[in-house]
Amino acid sequence: VVIPVLPALIGTFTGNRELQSYWYGACLAAYGGMQFFSAPLLGALSDRFGRRPVLLISIFGLGFNFLLTAISPWLWLLFVSRLLGGMTGASYSVASAYVADITEPEKRAKRFGLLGAAFGLGFVCGPMIGGLLSTSSLRLPYFFSASLSLLNWLYGYFVLPESLPRDRRSAFKLSRANPFSALIALAKLQTAGGLVVIYTLTVFPQFILQCTWVLYTQFRFGWGPGENGISLFVVGLTGALMQGLFLGKILKILGNERTTLLGITSGLLAYVLYGLVSQGWMMYVIIIGNALGFLAGPALQGLISKAVDPREQGITMGSLSSIGSLMGVIGPLIGTPILAKVSHLPASDWRVGTTFFLCAGVQAIALTQACRKFRTKQTWARQTAETLP
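All of the points below concern the structure found in this document. (Residues numbered from 1 in each chain as written. Predicted model: local features only at pLDDT ≥ 70, side-chain atom pairs only at ≥ 80, totals over all residues. Heavy atoms only, no water.)

Some words on the overall build of the chain
Reasoning step 1: Secondary structure assignment for the chain yields 14 helices and zero strands.
Reasoning step 2: A buried classification covers 46% of the 389 residues belonging to the chain.
Reasoning step 3: Within the chain, contacts between residues separated by at least 24 positions form 82% of all contacts whose residues are at least 6 apart in sequence.
Reasoning step 4: Summed over its atoms, the accessible surface of the chain is roughly 19100 Å², and 68% of this surface lies on carbon and sulfur atoms. (Helix = DSSP H or I, 4+ residues; strand = E, 2+ residues; numbered from the N terminus. Buried < 20%, exposed > 50% of the residue type's maximum accessible area, 1.4 Å probe, protein only. Contact = heavy atoms within 4.5 Å. Areas by Shrake-Rupley, 256 points an atom, 1.4 Å probe, with all protein chains shown as cover.)

What about the packing of aromatic side chains?
Reasoning step 1: Applying the stated criterion across every chain yields a total of 14 aromatic pairs.
Reasoning step 2: Considering the side-chain rings of tryptophan 23 and phenylalanine 79, the 6.2 Å spacing of their centres and the 80° angle between planes classify their relative orientation as edge-to-face. Taken together, the positions of tryptophan 23 in helix α2 (residues 17-49) and phenylalanine 79 in helix α4 (residues 75-88) put the pair 56 residues apart, joining distant regions of the chain.
Reasoning step 3: Taking relative accessible area as the criterion, tryptophan 23 reaches 30% and is therefore assigned partly exposed.
Reasoning step 4: Grouped by ring-pair contacts, the aromatic residues Trp213, Tyr216, Phe221, Trp223, Tyr274, Tyr284 and Phe356 constitute a single cluster.
Reasoning step 5: The ring centre of phenylalanine 49 lies 4.9 Å from the NZ or CZ of arginine 48, which sits over that ring. (Phe/Tyr/Trp six-rings, centres within 6.5 Å; stacked < 30°, edge-to-face > 60°. Lys NZ or Arg CZ within 6 Å of the ring centre and 35° of its normal.)

Some words on α2
Reasoning step 1: Between the first and last C-alpha of α2 there are 46 Å, a value that for 33 residues agrees with the 48 Å anticipated at 1.5 Å per step.
Reasoning step 2: Serine 38 marks where α2 bends most, by close to 35°; the proline proline 40 follows one to four residues later.
Reasoning step 3: The N-cap residue of α2 is asparagine 16: its side-chain oxygen and the backbone nitrogen of glutamate 18 are 3.1 Å apart.
Reasoning step 4: Where α2 ends, the next residue or the one after it, glycine 50, has phi of about 105°, a positive value. (Expected span 1.5 Å × (residues − 1). Bend = angle between axes of the 7 residues up to and from the residue. Polar contact = N/O pair within 3.5 Å; in protein donor to acceptor, adjacent residues only side chain to side chain.)

Quick look at the pattern of salt bridges
When their charged atoms lie close together, side chains carrying opposite charge are able to pair.
Reasoning step 1: Applying the stated criterion across every chain yields a total of four salt bridges.
Reasoning step 2: The shortest N-O distance in the salt bridge between aspartate 101 and arginine 168 comes to 3.7 Å. Residue aspartate 101 is found in helix α5 (residues 92-102), and its partner arginine 168 is found in the loop between α7 (140-158) and α8 (181-187); the two are separated by 67 residues along the sequence.
Reasoning step 3: Of the residues examined, arginine 168 reaches a relative accessible area of 47% and is grouped as partly exposed.
Reasoning step 4: Across the salt bridge formed by arginine 351 and aspartate 349, the nearest N and O atoms sit 2.8 Å from each other.
Reasoning step 5: For aspartate 349, a relative accessible area of 15% gives the class buried.
Reasoning step 6: Here the residues in one salt-bridge network are Asp47, Arg51, Asp101 and Arg168, joined through shared partners. (Salt bridge = Lys/Arg side-chain N within 4 Å of Asp/Glu carboxyl O.)

Side note on a nonpolar patch on the surface
Reasoning step 1: Where nonpolar side chains cluster on the molecular surface, the patch consists of Ile129, Phe144, Leu148, Leu150, Leu151, Leu154, Tyr155, Tyr157, Phe158 and Val159 and spans about 970 Å² of accessible area.
Reasoning step 2: For the nonpolar patch, the element with the most residues is α7, which contributes eight residues.
Reasoning step 3: Along the chain, the position of phenylalanine 144 falls in helix α7. (Patch = residues over 30% accessible without salt bridge, like charges linked within 9 Å, V, L, I, M, F, W, Y side chains within 5 Å.)

Re the environment of leucine 42
Reasoning step 1: Assignment of secondary structure puts leucine 42 in helix α2.
Reasoning step 2: Sequence separation between leucine 42 and valine 54 is 12 residues; the distance between their C-alpha atoms is 7.0 Å.
Reasoning step 3: If sequence neighbours within four positions are ignored, leucine 42 has contacts with Val54, Ser58, Met87, Ala90, Ser91, Ser93 and Val94.

Digging into the state of the cysteines
Reasoning step 1: Enumeration according to the criterion identifies zero disulfides in this entry.
Reasoning step 2: You can see cysteine 211 has no disulfide; the closest cysteine sulfur is in cysteine 359, sitting 8.1 Å from it. (Disulfide = S-S within 2.5 Å.)

Let's talk about the packing of helix α3 (residues 51-71) against α5
Reasoning step 1: Where α3 meets α5, the closest approach of the two axes is 10 Å, and the angle between their N-to-C directions is 150°. Classified by the angle between their axes, α3 and α5 sit roughly antiparallel to one another. α5 is crossed by α3, and the crossing has left-handed handedness. Residues Arg51, Val54 and Leu55 of α3 pack against Val94, Ala95, Ala97, Tyr98 and Asp101 of α5.
Reasoning step 2: Class assignment of the residues belonging to the contact of α3 with α5 gives a composition of six nonpolar, no polar and two charged. (Axes fitted to C-alpha atoms, helices over the stretch in contact; angles between N-to-C directions. Parallel < 35°, antiparallel > 145°, perpendicular 65-115°, else oblique. Left-handed = near helix turned anticlockwise from the far one by under 90°. Nonpolar A, V, L, I, M, F, W, Y, C, P; charged D, E, K, R; others polar.)

Regarding the environment of serine 343
Reasoning step 1: In this fold, serine 343 is placed in the loop between α13 (313-342) and α14 (354-387).
Reasoning step 2: For serine 343, a relative accessible area of 6% corresponds to the buried category.
Reasoning step 3: Once residues within four sequence positions are removed from consideration, serine 343 is found in contact with Arg17, Glu18 and Phe219.

A word on the packing of helix α10 (residues 225-276) against helix α11 (residues 281-289)
Reasoning step 1: Taken N-terminus to C-terminus, the directions of α10 and α11 make an angle of 25°; their axes are 7 Å apart at the nearest point. By the angle between their axes, α10 is roughly parallel relative to α11. Residues Glu227, Ile230, Ser231, Val234, Val235, Thr238, Ser266, Ala270, Leu273 and Tyr274 of α10 touch α11, and the partners they reach there are Met283, Tyr284, Ile286, Ile287, Ile288 and Gly289.
Reasoning step 2: Its residues assigned to classes, the contact of α10 with α11 comprises 11 nonpolar, four polar and one charged.

This is how it looks when you write it as structure tokens:
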């Protein structure tokens, strides 16, 4: 809900576009950083004290964060609220553990899919709702989000039972709350190393795009929260349709490797075009034209999953999630300062799209690495087949 609104709200506290970009990047990085560090901590605390109290405290804290932002008269207080929001908004790890507690092992994949669908629905509908509410007031979406959190907390307090019995709880260990442990474990997985590098190189540009999209369209086309809410709705809907309806069929026809290559290539072209367009309506054409770009990530995850031992699936997928969280911190720290440097240029100047050209460059490296990786794999397979009797 608040994604298309935050940059404009920060703009009411700053005197120019450059400061607006820097503060927006700092707020995004603060939120992502607190999520990265808090997710395993909240998960470990829920193993010790139960899921329900941790969820209730987190939901209440998230609602308080939205309320604090809505009434904040100072920019520093808004920044503090983002820190609080990142810390309490990391409760998805506890929600996933709750689902695992109450679901039989053979049905967990389906339940996790429903949980993911709930997140996806939020990302499809949320920006549209936030954009529409912001036409009345930039702070109204935050009051709306705080109200949703309050309703959620009331449901949790009066209806939601505890899912973890006392005899299944474990002692709290600080080592289990270390967010870098998953990344350290990933470094030890030799079989998927090259694929993980490619995955990282494709995820990084996505976070650059996410953290600069709203400001970029504001600077270049004069879009406000309403227009950005609609554009993000189209992005979310296109991604949901491609991954939900067409991914399986395309994988059957092309396989994971070709789907990965097509997806990365599509993304590369889209980033270049995003940086060059001169009219706002062209952004919608590129979003829809880049439909295959939404398939690269899932196809790569499938390849990585096949490359590791079945006993290492959980830690591998958790590590990939940690990479995404870390990119959520690094992306704003790199993307928004670059956008700040070109924010004073005329909207028609091609350099305004520098952040997208950076994304295209990183995507090109990912494509080169993927081609080399898959070609090496095919050569090895052919040589092995020739030596077999």
